[in-house]
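Each chain, written out:
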Amino acid sequence: DQQVKQNSPSLSVQEGRISILNCDYTNSMFDYFLWYKKYPAEGPTFLISISSIKDKNEDGRFTVFLNKSAKHLSLHIVPSQPGDSAVYFCAARYSGNTPLVFGKGTRLSVIA
Amino acid sequence: DTEVTQTPKHLVMGMTNKKSLKCEQHMGHRAMYWYKQKAKKPPELMFVYSYEKLSINESVPSRFSPECPNSSLLNLHLHALQPEDSALYLCASSQDTGPGLAGGRSYEQYFGPGTRLTVT
């Protein structure tokens, strides 16, 4: 029973264009969402997060959008760069002392 | 400094061996985590330590034994592992595990580079 779903296992985008990575969740009790980026043989790196009280958070080239009614969030990367090629994990948590729940990840390839 | 360090980077051990994985952070974080990650899968939580006390054990077999000697260090002691335990073991830390600061912020987890474990 997957509570956080990343339905696209992979995505290819041209350099300079926008990358949009999607994430859906089933549990309306989640109140905080995070995106992590992972290169092979390395640990995940925290990228950006959003609280459930917001619908958008922006940090440089990265913007996360949250649609609570649709239980959907997305990560936009613009412009995409070859160094953005990695696996991106969406994660969510409830309030209180609870661990992160991860999606299965989406492999992004940015083609020069 | 948002660095979590892990040693060793790679470890090969036999099923009768005893070894330990080490994790260290100097960010003043009071929560530390062990995750296990298999290829093409998301990280799976194993243990959570909060203020040096074990707060979550996700039904991990007793051949994995965590230890938190102080607020900066987290160990994972391994004994009598099976080949299916081969995986990337990730340590993470966060400021706390609690509900977060006022304004809706929460505590992001920062991951170490992992230890690639192979059990033969």
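Residues numbered from 1 in each chain as written. Chains lettered and ligands numbered in written order. Predicted model: local features only at pLDDT ≥ 70, side-chain atom pairs only at ≥ 80, totals over all residues. Heavy atoms only, no water.

1. Digging into the nonpolar core
Phe33, Trp35, Leu73, Leu75 and Tyr88 of chain A are the most contacted members of the largest nonpolar core, which has 24 residues in total. Broken down by secondary-structure element, the contributors of at least two residues to this core are strand 3 (19-25), strand 4 (30-38), strand 5 (45-51), strand 7 (62-67), strand 8 (72-77), strand 9 (86-94) and strand 11 (106-111) of chain A. By residue number, the principal contributor to this core is strand 9 of chain A, which donates four residues. In terms of nonpolar packing, the next biggest core, distinct from the first, is built from 22 residues, Tyr49, Val60, Leu117 and Val119 of chain B among them. (Core = buried A, V, L, I, M, F, W, Y, C linked by side-chain atoms within 4.5 Å. Buried < 20%, exposed > 50% of the residue type's maximum accessible area, 1.4 Å probe, protein only. Helix = DSSP H or I, 4+ residues; strand = E, 2+ residues; numbered from the N terminus.)

2. What to know about the interface of chain A and chain B
Every contact between the two is made by 22 residues of chain A and, on the other side, 26 residues of chain B. Taking both sides of the interface into account, the surface hidden between chain A and chain B amounts to around 1800 Å²; carbon and sulfur atoms contribute 60%. Taken together, the links from chain A to chain B amount to zero salt bridges. Across the chain A-chain B interface, the total number found is four residue pairs in polar contact (both at pLDDT 80 or more). Of all the secondary-structure elements, those providing two or more residues to the side of chain A that touches chain B are strand 4, strand 5 and strand 9 of chain A. Top element by residues in the side of chain A that touches chain B is strand 4 of chain A. It accounts for four residues. A class-by-class count of the residues in the side of chain A that touches chain B yields eleven nonpolar, seven polar and four charged. (Contact = heavy atoms within 4.5 Å. Buried area = accessible area lost by both parts, 1.4 Å probe. Salt bridge = Lys/Arg side-chain N within 4 Å of Asp/Glu carboxyl O. Polar contact = N/O pair within 3.5 Å; in protein donor to acceptor, adjacent residues only side chain to side chain. Nonpolar A, V, L, I, M, F, W, Y, C, P; charged D, E, K, R; others polar.)

Fair warning: the whole summary comes from geometry, so function is off the table for now.
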